[in-house]
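An overview of the molecular structure
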2 protein chains.
Amino acid sequence: MDAHMERIRIEELRNLIVSPEEAASWIKEGMTLGLSGFTRAGDAKAVPLALVKRAENEQFKVNVYTGASLGSDTDRLFAEAGIVKKRVPFQADKTMRKAINEGALLFDDHHLSQTPEWIRSGVIEPIDYAILEAVAITEDGMLIPSTSVGNSLSFAKHAKSIIIEINTAHTAKWEGIHDLYYPAFQGERIPIPLTKTDDRIGSVGIPLDLEKVKGIVLTHQMDSESTITPPDHETEVMAANLIAFLRSEVKAGRLTNRLAPLQSGIGSQANAVLHGLLDSEFEDLEVYSEVLQDAVFDLIDAGKVRFASSASITLSKEKMEKVFNNLDAYRDKLIMRPQEISNYPEIIRRLGLISINTALEFDIYGNVNSTHVTGTKMMNGIGGSGDFARNARLSIFVTKSVGKGGDISSVVPFVSHVDHTEHDVDVLVTEYGYADLRGLAPRQRVGLIIANCAHPMYREQLWAYYYEALERGGHTPHVLEKALSWHVNLQQHGSMLVRSEKQRI
Amino acid sequence: MDAHMERIRIEELRNLIVSPEEAASWIKEGMTLGLSGFTRAGDAKAVPLALVKRAENEQFKVNVYTGASLGSDTDRLFAEAGIVKKRVPFQADKTMRKAINEGALLFDDHHLSQTPEWIRSGVIEPIDYAILEAVAITEDGMLIPSTSVGNSLSFAKHAKSIIIEINTAHTAKWEGIHDLYYPAFQGERIPIPLTKTDDRIGSVGIPLDLEKVKGIVLTHQMDSESTITPPDHETEVMAANLIAFLRSEVKAGRLTNRLAPLQSGIGSQANAVLHGLLDSEFEDLEVYSEVLQDAVFDLIDAGKVRFASSASITLSKEKMEKVFNNLDAYRDKLIMRPQEISNYPEIIRRLGLISINTALEFDIYGNVNSTHVTGTKMMNGIGGSGDFARNARLSIFVTKSVGKGGDISSVVPFVSHVDHTEHDVDVLVTEYGYADLRGLAPRQRVGLIIANCAHPMYREQLWAYYYEALERGGHTPHVLEKALSWHVNLQQHGSMLVRSEKQRI
């Protein structure tokens, strides 16, 4: 029997096999699609591509919901084809980003744990087609996801119809690694019975309503590889600074050498910071995150991480080959969960996560912008950072102190957009040090942030702003007419650095 | 036996009775105090006052933690005496506010559910003395709180020593109304077993470590009455607008006529909005809140609310007399809980609260400022609004569209401080209407907010800003150099309204 047929273990379902083009032809103007895929992993690949091809000869628009970002260049192709009316809840593609910032498509950027609540309660448009990648359909009608779970469970539950992409490029050994749990409606919900990172609380697959399965498409295409860059000198120093902070927590008796379950956001900086734990004294670590990147597997290989839970696995090419071809070596150390569960506030608070996410910029009082370049242009979206930062035991944000060769300071007087308020930010880390803001009044935070986190070339300018603000007083002193002047300078003169009085606004 | 003695039902403890002055004399320079009290209710009254008196002849400073705001003018007296080094986590006093804004005392303004986590895990200064008002100490060593629970349980658990104020002005009938539950450390914590507003999950009082009880003070003083003003025409219209929104949710099938458990913040506007439900079709309502104000009891009396849970009860003089003298009529309809439980994210999300809080201002994209006047001056603090807004089923913010006779618009281009990001704000309500922002991209929100919420006299000015911003593009269009100009105009010219070009910056 052909490899694909073996994966479809309910014989009648094999009659539903169609070409991607045929499946794509069912999708009509104005429909809402729920696609599998989270941080490039486990995304539906063939049907979205066929849909893009259809757009060569036909004008239509659809709403596209996903777990998080897609791989396979799908978001770029969607944006180029102009077929997306609304994109929910996260993307990370340059072309799509441009379309969003031009207002050519609507982007509803919200907390990743929120999408399933809104689908369940009918707040956002109902899903016409769920298009879900799977490694198999079991005898008892379970869809076994591949390298991500994302929102696939919610999509399958609530979509009117389901299209499945059986992808044989993924090993069938993923079966048994997932744990699918679906909360009831708010008001009828019981406590989520998860108290440890390795607790299994659900089923190994997504229970399918077979009546809703309209088509099955056969694919053989590996996930897009991760775009992270290896740690560099600055991110290595950032990691060392983070470790210094964690060490001080151990010394203070608030953590042990096992720390607490770690969450780390997507991207090179977050990966590099986790990577730094390899050479630390911390051991027997656990990860409870929305995505696992290369560093987590390095830590597992080194015996530093004993268990890791996430909604997706996004790896570099080399790491994919190593992990995906040796899944048996990892299967007792991994669980993949719906993003609703990986990002569920109740669990994040209960487990007391140490949450590490990346900031675009933060201000001298500890407010964090993680989405909007100069307050207006969307980068990727808030993703799960808010789910974690708001509920974690320790909410840590990392960033390099400057960008664009020094023309952008990541530490500013007043962030141009707030994704994480001063109330939700515990510790800031750059390559210059860390600032532990817990329990401090705003005026107490300023010195720590400037001295420990800002790049030296911006410190004087930050102090000048603060001293001018202090003369005006207030719990959180500001010179409102200059608060955003750093961003204005960047827009008008290409740099936040005031090199002469002449350049000042 | 004297009324006080009857309330101290362990005989040996009666030997610990001291004067407030003696108890206050134990407090040393640099100590940290944990005082009972939440929104003026159930506050420790005599020892704090004696401490203030001590300051007439002696210089010292202490840290003051509470549940939330104190009554009895304590925060004013503290500020006038200059004896507070750090105040945590909420206050609402004019004199203390002034001291905070002058930098004369440190104010650590954080989510009300956060304080117990930080106390438990040793993040903030440990508590030397817990000073807790009680209506009784039971035979089995339970402290029975009075009109608030606030942080008293955490304070009692973690303080080195405890001073109890037995207040006979409160009826002993409060016993049995409280429900005290204390979560374990993060990482060792089980799910909080509360799935309904009326679930009892703990003990009727605070289990005391009798070794730690150092003194008992006898008092007879009623709580300070609430400072709320009765509903006015504008708040009545706001209530009607909120009801119109809720009705549309029922129509859409997302709510029933029983709605969902309601949370409402402190203050006249929040009270007025709840009051509006009296004449609505909604019935069999439940309240799960941090504070119950007059309106909740009106709703109970009218048979509209079947059950109410909170961390405190703060009433007007008339309402106090009515409720406190007839507690038997309410006791099967009330539970008072620690603020950690009333505000616990897990429970808020599980129950799916409808959360109604007051904004100082919000912007055309839905970011809310609830603490800082013109971005710098602290009003009261974020309180529980973030606990609720971030986790509720519906996060609603209400405010009058203008303040200061029209010189301040509550709808601005860019809020001068962010307490609740666009991601945590579902619905905005003013006396002009409501804007339902769920699922909308930023550009879609603008029109709704201006047309439905802004005062007509500011709409043109808001549109002018937005159109200028639109020309620059971006996911969230802004004219950064003018973004805060409304606040600057207010500071410099006394009004946000641009009456002539000359007044423009």
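Residues numbered from 1 in each chain as written. Chains lettered and ligands numbered in written order. Predicted model: local features only at pLDDT ≥ 70, side-chain atom pairs only at ≥ 80, totals over all residues. Heavy atoms only, no water.

If you check an unreviewed UniProt entry, chain A appears there as Succinate CoA transferase from Sporosarcina quadrami. Chain A has a UniProt comment under Sequence similarities (unreviewed entry) that states "Belongs to the acetyl-CoA hydrolase/transferase family." (UniProt positions renumbered as here; feature names shortened; annotations may be inferred.)

Topic: the overall build of chain A
Broken down by element type, chain A carries 18 helices and 25 strands. Taking 23 Å as the expected radius of gyration for a compact globule of 505 residues, we find that chain A reaches 23 Å, a close match to that expectation. C-alpha atoms of chain A, sized along the principal axes, occupy 75 × 50 × 45 Å. Within chain A, the fraction of its 505 residues that count as buried is 67%. Contacts spanning at least 24 positions in sequence make up 73% of the contacts within chain A whose residues lie at least 6 apart. Counting every atom, chain A has about 16,300 Å² of accessible surface; 50% of that belongs to carbon and sulfur. (Helix = DSSP H or I, 4+ residues; strand = E, 2+ residues; numbered from the N terminus. Rg over C-alpha atoms; globule rule 2.2 N^0.38 Å. Buried < 20%, exposed > 50% of the residue type's maximum accessible area, 1.4 Å probe, protein only. Contact = heavy atoms within 4.5 Å. Areas by Shrake-Rupley, 256 points an atom, 1.4 Å probe, with all protein chains shown as cover.)

A word on the UniProt feature "domain: Acetyl-CoA hydrolase/transferase C-terminal" (unreviewed entry) in chain A
With numbering aligned to this structure, UniProt lists the feature "domain: Acetyl-CoA hydrolase/transferase C-terminal" (unreviewed entry) at residues 321-464 of chain A. Taken end to end, residues 321-464 of chain A comprises 30% helix and 25% strand; its first and last C-alpha atoms sit 52 Å apart.

Thoughts on the relation of the copies chain A and chain B
Think of it as a corkscrew move, a rotation about one axis and a shift along it, taking one chain copy to the other. Aligned on chain B, chain A shows an RMSD of 0.0 Å; the corresponding rotation is 180° and the shift along the axis is 0.0 Å. Viewed as a symmetry operation, the transformation between the two copies matches a two-fold axis. Minimal C-alpha distance to the rotation axis in chain A is attained by E346(A), lying at 2.1 Å. Both copies contact each other with a shared surface, as 100% of the interface residues of chain A are interface residues in chain B too. (Least-squares fit on C-alpha atoms with pLDDT ≥ 70 in both.)

Section: the sheet that holds strand β7 (residues 142-144) of chain A
All names here are of chain A. The strand order across the open sheet built from 3 strands is β6-β7-β9, with neighbouring strands paired in antiparallel fashion. Each end of this open sheet is capped by a strand with a single partner; those strands are β6 (136-137) and β9 (206-207). Summarising the sheet, β6 and β7 pair through 2 bridges and their orientation is antiparallel. Directly across from A136, in β7, lies its bridge partner I144. (Pairing = 2+ DSSP bridges.)

Section: the interface of chain A and chain B
If you look at the interface, chain A gives 81 residues, while chain B gives 81 residues. Between chain A and chain B, roughly 6,200 Å² of surface is buried when both sides are summed, and carbon and sulfur atoms account for 52% of that area. Taken together, the links from chain A to chain B amount to 6 salt bridges. Among the salt bridges present, the one from R350(B) reaches E346(A), with a minimum N-O distance of 3.2 Å. The tally of links between chain A and chain B comes to 40 residue pairs in polar contact (both at pLDDT 80 or more). With 5 residues, the top contributor of residues to the side of chain A that touches chain B is helix α13 (residues 345-351) of chain A. Within the side of chain A that touches chain B, the residues separate by chemical class into 25 nonpolar, 34 polar and 22 charged. (Buried area = accessible area lost by both parts, 1.4 Å probe. Salt bridge = Lys/Arg side-chain N within 4 Å of Asp/Glu carboxyl O. Polar contact = N/O pair within 3.5 Å; in protein donor to acceptor, adjacent residues only side chain to side chain. Nonpolar A, V, L, I, M, F, W, Y, C, P; charged D, E, K, R; others polar.)

Overview of the sheet that holds strand β1 (residues 32-35) of chain A
Strand order in the open sheet made by the 7 strands is β4-β3-β2-β1-β5-β8-β10 (chain A), with parallel pairing throughout. Bordering the open sheet on either side are β4 (106-107) and β10 (213-219) of chain A, each of which pairs with just one other strand.

A word on unusual backbone geometry
A cis amide bond links V88(A) to the next residue, P89(A), at an omega of -10°. Positive phi values are uncommon outside glycine, yet D73(B) reaches one of about 60°. Of note, D73(B) is situated in the loop between β2 (62-65) and α4 (74-81).

What about the packing of helix α15 (residues 442-452) of chain B against helix α16 (residues 456-472) of chain B?
Residue and element names in this part refer to chain B. α16 packs onto α15 with a crossing angle of 165° between their chain directions and a minimal axis gap of 10 Å. Classified by the angle their axes make, α15 and α16 are roughly antiparallel. Of the two elements, α15 crosses α16, and the hand of that crossing is left-handed. Residues R443, V446, G447, I450 and A451 of α15 form the contact with α16, whose own contacting residues are R459, L462, W463, Y466 and L470. (Axes fitted to C-alpha atoms, helices over the stretch in contact; angles between N-to-C directions. Parallel < 35°, antiparallel > 145°, perpendicular 65-115°, else oblique. Left-handed = near helix turned anticlockwise from the far one by under 90°.)

Here we look at the pattern of salt bridges
Should their charged atoms come close, side chains of opposite charge can pair. Residues and elements named next belong to chain A. Applying the stated rule across the entire model yields 84 salt bridges over all chains. R337 is the salt-bridge partner of D179, the closest N and O atoms lying 3.2 Å from each other. Here D179 is found in the loop between β8 (161-167) and β9, whereas its partner R337 is found in the loop between β14 (334-336) and α12 (339-342), with 158 residues between them in sequence. Assessed through its relative accessible area of 2%, D179 is described here as buried. Residue R337 is classed as buried on the basis of its relative accessible area, which comes to 0%.

Quick notes on the packing of helix α10 (residues 294-301) of chain A against helix α11 (residues 317-324) of chain A
Residue and element names in this part refer to chain A. It is the contact of α10 with α11, at a shortest axis distance of 10 Å, that shows an interaxial angle of 45°. By the angle class used here, α10 and α11 are oblique. Considering only the axes of α10 and α11, their crossing is left-handed. Contacts from D294, F297, D298 and D301 of α10 reach α11 at K319, K322 and V323. Of the residues assigned to the contact of α10 with α11, the class counts are 2 nonpolar, no polar and 5 charged.

Points about the UniProt feature "domain: Acetyl-CoA hydrolase/transferase N-terminal" (unreviewed entry) in chain A
Mapped onto this numbering, the UniProt entry gives "domain: Acetyl-CoA hydrolase/transferase N-terminal" (unreviewed entry) at residues 11-175 of chain A. Helix and strand shares over residues 11-175 of chain A are 27% and 20% respectively, and the end C-alpha atoms of the span are 19 Å apart.

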